[in-house]
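A closer look at the structure
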Amino acid sequence: MRGRVFLLACAALILFSGCREDRALPLEVPASPPLSEELRWAVVQDAYARLWDAPPPGGSVVGILRRGDMLEIVEEEGAWCRVVRGTEEGWVGEGHLLRYRIRLQAETASRRLIERF
């Protein structure tokens, strides 16, 4: 019994002997963005959707989106969403989109839509 107590005391001395306040290193925790309730990610659910430079009737078609394309929503105006995909940016009707809060959810949905059709 004495031997165990002696060993535990020695182990405690060894473990705590290097812990002094003057040698403590500051701990910096990186700031993480807060979780958002916004639906910032979208996937095109229709076979094709038009990408507009501005919401109609004043805008013109600048591109075509395909089923499974993943987009980041950066602005909303009525039933229209301003989206970004790579270097492309424009407006698409909300009815063409499946919306998600988390990018990973949108990526998974995109893969499933592409595999299914």
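Residues numbered from 1 in each chain as written. Predicted model: local features only at pLDDT ≥ 70, side-chain atom pairs only at ≥ 80, totals over all residues. Heavy atoms only, no water.

As annotated in an unreviewed UniProt entry, the protein chain carries the name SH3b domain-containing protein and comes from Winmispira thermophila.

Judged by nonpolar contacts, Ala42, Val44, Ala49, Leu51, Leu65, Leu71, Ile73, Cys81, Val83, Val92 and Leu97 together constitute the single largest core of eleven residues. Within the residue set of this core, elements represented by two or more residues are strand 1 (41–44), strand 2 (48–52), strand 4 (70–77) and strand 5 (80–85). Look past the residues within four positions of cysteine 81 in its chain and what remains in contact with it is Ile73, Glu75, Glu76, Gly90, Trp91, Val92, Glu94, Leu97 and Arg99. (Core = buried A, V, L, I, M, F, W, Y, C linked by side-chain atoms within 4.5 Å. Buried < 20%, exposed > 50% of the residue type's maximum accessible area, 1.4 Å probe, protein only. Helix = DSSP H or I, 4+ residues; strand = E, 2+ residues; numbered from the N terminus. Contact = heavy atoms within 4.5 Å.)

When you line up the elements, arginine 99 lands in strand 7 (residues 97–100). Only 3.2 Å separates the side chain of arginine 99 from the backbone oxygen of leucine 39, close enough to count as a polar contact. With residues up to four places along the chain from it excluded, the contact list for arginine 99 reads Leu39, Trp41, Ala42, Ile73, Glu76, Cys81 and Glu94. (Polar contact = N/O pair within 3.5 Å; in protein donor to acceptor, adjacent residues only side chain to side chain.)

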